[in-house]
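Now for the letters of each chain:
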Amino acid sequence: QVQLVESGGGLVQPGGSLRLSCAASGSIFNVYAMGWYRQAPGKQRELVASMPSGGTTNYADSVKGRFTISRDNAMNTMDLQMNSLKPDDTAVYYCNADVRSFEPALRRTYWGQGTQVTVSP
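Keep in mind that what you see is a predicted model, and the values were worked out from it rather than measured.

Caption draft 1: Region of the structure containing the pattern of salt bridges. Applying the stated criterion to the full structure yields six salt bridges. One salt bridge in this structure joins Lys 64 and Asp 61, with 3.1 Å as the shortest N-O distance. Accessibility expressed as a relative area gives 63% for Asp 61, which makes it exposed.

In structure tokens, the structure reads:
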């Protein structure tokens, strides 16, 4: 089994910063792409940023220039640095990873439990 655990959410004022972290653990053979998604109340889940194990990162237009995704392949961790936060960034943020596991021997997508980010005065 593989688990993804997020941390770092919270309440922040507009213009502030937060850093989210995601750690993958369990019977991991390899982690391919990792990414952050978010879901605001009444809206569909949307991609925020993604990063393959090697290659170009991808950002939603709404967060370009404000958010930065990074990962440590050796530790199977991923971070999202969020700066200049806006009320529209309020959502539950989910970690996502494409993982091949040893036991069971398969490749599938995993999701974390989500962490709440609230941007409010």
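Caption draft 2: Main features of the state of the cysteines. All chains considered together, the criterion is met by one disulfide. Through a disulfide, Cys 22 is tied to Cys 95; the S-S separation comes to 1.9 Å. Measuring handedness by torsion sign, the sulfur bridge of Cys 22 and Cys 95 sits at about -70° and is left-handed. With Cys 22 in strand 3 (residues 18–26) and Cys 95 in strand 9 (residues 91–101), this residue pair connects regions lying 73 residues apart in the sequence. Assessed through its relative accessible area of 2%, Cys 22 is described here as buried.

Caption draft 3: Just the packing of aromatic side chains, in detail. Within this structure, the stated rule accounts for three aromatic pairs. Between Tyr 94 and Trp 111 the ring centres are 6.5 Å apart and the planes differ by 85°, which places this aromatic pair in the edge-to-face class. Of this pair, Tyr 94 sits in strand 9 while Trp 111 is found in strand 10 (residues 106–111), placing the two residues 17 residues apart along the sequence. Of the residues examined, Tyr 94 reaches a relative accessible area of 15% and is grouped as buried. Of the residues examined, Trp 111 reaches a relative accessible area of 38% and is grouped as partly exposed. One aromatic cluster in this structure is built from Tyr 37, Tyr 94 and Trp 111. Across the ring face of Tyr 32, the terminal group of Arg 107 is positioned such that the distance to the ring centre comes to 3.5 Å. Here Arg 108 stacks its cationic end above the ring of Tyr 110, 4.0 Å away from the centre of that ring.

Caption draft 4: Broad picture of the sheet that holds strand 8 (residues 77–82). The sheet built from four strands is open, its strands ordered 1-3-8-7 with antiparallel pairing. With one partner strand each, in any of the chains shown, strand 1 (2–7) and strand 7 (67–72) form the two edges of the open sheet. Strand-to-strand, the axes of this sheet are offset by a mean angle of 15°, without reference to chain direction. In this structure, strand 3 lies alongside strand 8, joined through six bridges in antiparallel fashion.

Caption draft 5: Local environment of unusual backbone geometry. With an omega of 0°, the peptide bond running from Glu 103 to Pro 104 counts as cis. Along the polypeptide, Pro 104 turns up in the loop between strand 9 and strand 10. One non-glycine residue, Ser 84, adopts positive backbone phi at about 50°. Following the sequence through the fold, Ser 84 ends up in the loop between strand 8 and strand 9.

So, how was this worked out
- Residues numbered from 1 in each chain as written.
- Predicted model: local features only at pLDDT ≥ 70, side-chain atom pairs only at ≥ 80, totals over all residues.
- Heavy atoms only, no water.
- Salt bridge = Lys/Arg side-chain N within 4 Å of Asp/Glu carboxyl O.
- Buried < 20%, exposed > 50% of the residue type's maximum accessible area, 1.4 Å probe, protein only.
- Disulfide = S-S within 2.5 Å.
- Helix = DSSP H or I, 4+ residues; strand = E, 2+ residues; numbered from the N terminus.
- Phe/Tyr/Trp six-rings, centres within 6.5 Å; stacked < 30°, edge-to-face > 60°.
- Lys NZ or Arg CZ within 6 Å of the ring centre and 35° of its normal.
- Pairing = 2+ DSSP bridges.
- Axes fitted to C-alpha atoms, helices over the stretch in contact; angles between N-to-C directions.

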